[in-house]
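# Survey of secondary and tertiary structure
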Amino acid sequence: EKKILKKDLDSLALMSWGQIKKNEQWKSAFDDVAKAYNESLKEEQNNHKGVESTKSLELATVFRLKEDNDKNIFYVNASLATKADEFSMEIHPDACKKSNGTTNDKCAKLDFKLAVTRCKIIRHAVLRCGTKTTKMQLQPLTGRRHQLRCHMVVVSAPIIGDATYSVDHKRNHMVKRMCLHAYSLRLPDNIDVKTSDPFVLEGTEVSIILVC
């Protein structure tokens with residue numbers, strides 16, 4: 001096995017996802033970790049007798065845990081499914097009144113998977129253009145494609161710059177990319193990468209440092 005050096009981690013922190021997918025070393029590492037994570041998740045769910053089944057759990061779409069003393073922490077439970085010939089995901093109609101394009105008849109044929117996200121409100125603010133916004137810390141507890149983006153739509157707080165799921169969103173001169181940023185990434189083999197926060201709060205405003 002090739003030893004991962006600090007300079008390799010520093011390089012990884014500066015790479016976009018598109019660059020990572022073109023790098024065979026890192027793409028292989030991410031694929032292996034994703035496979036291992038999904039296997040461990042399945043094993044944990046089997047040990048807890050039906051965690052995969054939303055019917056047995058009967059979780060609300062948005063809920064809190066008693067052990068969380070911070071009222072700014074909540075969880076989103078909304079199943080997601082892949083759609084034929086499309087890269088975007090379908091949100092289960094029970095979780096989202098405004099379905100993203102698929103009728104209930106078609107939904108019945110889709111394979112919806114459990115998707116849960118831990119959310120923490122950091123601060124409410126206003127963009128310099130006047131748009132009200134909320135800075136959130138998101139932690140996906142399951143690994144579905146576009147999970148964080150879809151779950152923000154479910155709570156009526158689509159990510160700024162997300163042209164796929166935020167139908168009513170109009171891009172302005174301040175936002176040249178989607179404002180979803182991976183602040184921390186932890187992987188096996190002692191890979192622990194953190195980057196600077198591009199969404200700096202200045203008073204009640206959010207100053208967006210664009211990283212394209």
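Residues numbered from 1 in each chain as written. Predicted model: local features only at pLDDT ≥ 70, side-chain atom pairs only at ≥ 80, totals over all residues. Heavy atoms only, no water.

## Description of the overall build of the protein chain
Stated formally: A helix here means a DSSP run of H or I that spans at least four residues, while a strand means a run of E at least two residues long, and both kinds are numbered starting from the N terminus. Using a 1.4 Å probe on the protein chains alone, a residue whose accessible area is under 20% of its type maximum counts as buried, one over 50% counts as exposed, and one in between counts as partly exposed. Contact criterion: two residues are considered in contact whenever any of their non-hydrogen atoms come within 4.5 Å of each other. Per-residue and other accessible areas were derived by the Shrake-Rupley procedure at a 1.4 Å probe size, with only the shown protein chains allowed to occlude residues.
Tallying secondary structure elements over the protein chain gives 6 helices and 10 strands in all. The burial tally for the protein chain puts 31% of its 212 residues in the buried class. Taking the contacts inside the protein chain whose residues are at least 6 apart along the sequence as the reference set, 48% of them involve residues at least 24 apart. Per element, the accessible surface of the protein chain, about 14,500 Å² overall, is 50% carbon and sulfur.

## Focus: the packing of aromatic side chains
Going by this rule: Centres within 6.5 Å are what make two rings of Phe, Tyr or Trp a pair, Trp counting through its six-membered ring; a difference in plane orientation under 30 degrees is then read as stacked, over 60 as edge-to-face, and the rest as tilted.
Taken as a whole and judged by the stated rule, the model has 1 aromatic pair. The interplanar angle of 10° and the centroid separation of 5.4 Å between the aromatic rings of Phe63 and Tyr75 together place this pair among those described as stacked. With Phe63 in strand β1 (residues 62-63) and Tyr75 in strand β2 (residues 73-77), the pair connects residues that are 12 residues apart, well separated along the chain. The burial state of Phe63 is the same as that of Tyr75; both residues are buried.

## Examining the pairing of strand β8 (residues 191-194)
Operational definition: Criterion used throughout: strands pair if DSSP finds at least two bridges between them.
The alternating pattern of β8 places Ile191 and Val193 on a buried face, while none of Asp192 and Lys194, on the opposite face, is buried. Sheet analysis places strand β7 (residues 184-187) next to β8, joined by 4 bridges and oriented antiparallel. When the bridges of β8 are listed, Leu185 appears paired with Val193.

## Considering the environment of Gln139
Take Gln139: it is sitting in strand β6 (residues 132-140). Classification of Gln139 by relative accessible area gives partly exposed; the value is 40%. Expressed as a C-alpha distance, the spacing of Gln139 and Thr117, which sit 22 residues apart in the sequence, is 5.7 Å.

## Side note on helix α6 (residues 147-154)
In terms of burial, α6 is largely enclosed, as 8 of its 8 residues are buried. On its buried side, α6 packs onto β2, β3 (80-83), β4 (86-91), β5 (116-127) and β6.

## Comments concerning the pattern of salt bridges
What counts is decided by this rule: By definition here, a salt bridge exists when the distance from a side-chain nitrogen of Lys or Arg to a carboxyl oxygen of Asp or Glu is within 4 Å.
Evaluated as defined, the whole model comprises 6 salt bridges. Taking the shortest distance from any N to any O, the salt bridge between Lys120 and Asp70 comes out at 3.9 Å. Taken together, the positions of Lys120 in strand β5 and Asp70 in the loop between β1 and β2 put the pair 50 residues apart, joining distant regions of the chain. The class for Asp70 is partly exposed, based on a relative accessible area of 29%.

## Structural notes on the side chain of Arg149
Rule in force here: Any N or O atom pair separated by 3.5 Å or less is treated as a polar contact, with the protein-specific requirement of one donor-capable and one acceptor-capable atom, and with residues adjacent in sequence counted only for side-chain atom pairs.
Relative to the helices and strands, Arg149 resides in helix α6. We classify Arg149 as buried; its relative accessible area is 13%. A polar contact is formed between the side chain of Arg149 and the side chain of Asp162, at a distance of 2.8 Å. Engagement of the side chain of Arg149 in a polar contact is seen with the side chain of Thr164, the distance being 3.4 Å.

## Digging into unusual backbone geometry
In this structure, His146 is a non-glycine residue whose phi angle is positive, near 60°. Even without being a glycine, Ser156 presents a positive backbone phi close to 60°. In this fold, Ser156 is placed in the loop between α6 and β7. A relative accessible area of 65% places Ser156 in the exposed class.

## Focus: the environment of Asp31
Note that Asp31 resides in helix α3 (residues 24-47). Taking C-alpha positions, Asp31 is 10.0 Å from Lys21, a pair spaced 10 residues apart along the chain.

## Regarding the nonpolar core
Note the following rule: Definition of nonpolar core: a set of buried residues of the types Ala, Val, Leu, Ile, Met, Phe, Trp, Tyr and Cys, connected through side-chain atoms within 4.5 Å.
If you look at the biggest cluster of nonpolar residues, it comprises 20 residues, and the most contacted ones within it are Val76, Ala78, Leu80, Ile91, Cys150 and Cys179. For this core, the secondary structure elements donating two or more residues are β2, β4, β5 and α6. Examining the composition of this core, we find that 4 residues originate from one element, α6, more than from any other. In this structure Ala78 touches Ile91, Ala95, Ala115, His151 and Val154, once residues within four positions along its chain are discounted. One finds Leu9, Leu12, Leu187 and Ile191 within the second-largest nonpolar core, a separate group that totals 9 residues.

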